[in-house]
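The lines below spell out each chain.
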Amino acid sequence: MSSKKNNKGFDPNTIKEYSSRIEASGKKFVLDHDDERTDEYAHFYFVGLYEDKEVIYDTAIYTLRLHHESELYEEAEQRAAKQFPQYKKLSYDQSDKGNSENSDELEEEVGLFMAEVILELEEEETIKVKEHVDQDLSADFGISLDVGLNRDKISDTVISKFVLDFNSDTISLDDTLYSFLSQDQETD
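Residues numbered from 1 in each chain as written. Predicted model: local features only at pLDDT ≥ 70, side-chain atom pairs only at ≥ 80, totals over all residues. Heavy atoms only, no water.

Notes on the pairing of strand 5 (residues 143-149)
Within strand 5, five of the seven residues are buried, which leaves the element mostly enclosed by the surrounding structure. Here seven bridges tie strand 3 (residues 53-63) to strand 5, and the two strands are oriented parallel to one another. When the sheet's bridge partners are listed, I61 is paired in strand 5 with V147. Examined bridge by bridge, strand 4 (residues 132-136) and strand 5 share five bridges and lie antiparallel to one another. (Buried < 20%, exposed > 50% of the residue type's maximum accessible area, 1.4 Å probe, protein only. Helix = DSSP H or I, 4+ residues; strand = E, 2+ residues; numbered from the N terminus. Pairing = 2+ DSSP bridges.)

Let's talk about the sheet that holds strand 5
Within the open sheet, the five strands sit side by side as 1-2-3-5-4. Their pairing is mixed. In the strand order of this sheet, the two ends are held by strand 1 (30-31) and strand 4, each with one partner. In this sheet, strand 2 (residues 41-50) lies alongside strand 1 in antiparallel orientation, the contact comprising two bridges. Bridge pairing in strand 2 places L31 opposite F44. Contacts between helix 2 (residues 64-83) and the sheet are confined to strand 2, strand 3, strand 4 and strand 5, with strand 3 contributing the most and set at about 75 degrees to the helix. Its contacts with the sheet place helix 5 (residues 156-167) against strand 2, strand 3, strand 4 and strand 5, and it is angled at close to 20 degrees to strand 2. (Contact = heavy atoms within 4.5 Å. Axes fitted to C-alpha atoms, helices over the stretch in contact; angles between N-to-C directions.)

Remarks on the confidence of the model for the protein
Caution is warranted with low-pLDDT regions, since their predicted coordinates should not be read in detail. With 86% of its residues at a pLDDT of 70 or more, the protein has an overall mean of 87. Counting contacts from residues 89-101, a segment whose pLDDT is below 50, to residues more than four positions away or on other chains yields seven contacts. (pLDDT = per-residue confidence, 0-100.)

Examining the packing of aromatic side chains
Note on aromatic pairs: each is described by the distance of the centres and the angle between the planes. One pass over the structure, following the stated rule, counts 12 aromatic pairs. Between F29 and F44, the aromatic rings sit 5.5 Å apart at their centres with planes inclined by 65 degrees, giving edge-to-face as the arrangement. One end of the pair, F29, is in the loop between helix 1 (12-25) and strand 1; the other, F44, is in strand 2, and 15 residues separate them in sequence. F44 shares its class with F29; the two are buried. The rings of F29, F44, F46, Y57, F162 and F166 are connected pair by pair, giving a single aromatic cluster. The ring of Y18 has R21 lying over it, and the distance from NZ or CZ to the ring centre is 4.6 Å. (Phe/Tyr/Trp six-rings, centres within 6.5 Å; stacked < 30°, edge-to-face > 60°. Lys NZ or Arg CZ within 6 Å of the ring centre and 35° of its normal.)

Remarks on the pattern of salt bridges
Under the criterion given, the structure shown has 10 salt bridges. For the salt bridge of E75 with R79, the shortest nitrogen-to-oxygen distance reads 2.9 Å. One end of the pair, E75, and the other, R79, are both in helix 2, four residues apart, so they sit about a helical turn from each other. The exposure class assigned to E75 is partly exposed, which follows from its relative accessible area of 23%. As a salt-bridge pair, R79 and E120 come within 3.6 Å of each other at their nearest N and O atoms. A residue pair is termed long-range when its members are at least 10 positions apart, and R79 in helix 2 and E120 in helix 4 (residues 100-124) qualify at 41 residues. Classification of E120 as partly exposed rests on a relative accessible area of 36%. What emerges from the salt-bridge pattern is a single network uniting K27, R37 and D156. (Salt bridge = Lys/Arg side-chain N within 4 Å of Asp/Glu carboxyl O.)

Have a look at this one:
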């Protein structure tokens, strides 16, 4: 757990630097250019208050569809690990002398198993997600926010509205549980 004292996201000089970058951008935030932005995901920073003091919020924001896809994959991975206990060992502990043909077959079998699990989970709508804003106060830099919103895309407008709502404490999250079909299935 990082202390606020050692956390540069609480340091007034670092906050001033980020505030200048944000102002220069003409937006309410600055993107983390080391992290690839997509239509459904963005990693950015903004300045806000925590316990009446300025802090930098290190934020990952994504669509609920992307969050759902990630949850499906994670569940399929867990089931595959139970079904194929030797798989993890082979994929992480494979030596140059190992029988790669055997591991390729196993990898293919595991991949097919996971694809079947994902299809089953989607059809049964087993995995459901909802809008959320999770804070991690023990982050190494500032306060980490993990944000899932029911939007088709994560645009600059969506990010700006989130920052404005967050800083004015007017965020209204949808508690509805959602399930999605993978994009491959939607077009079939």
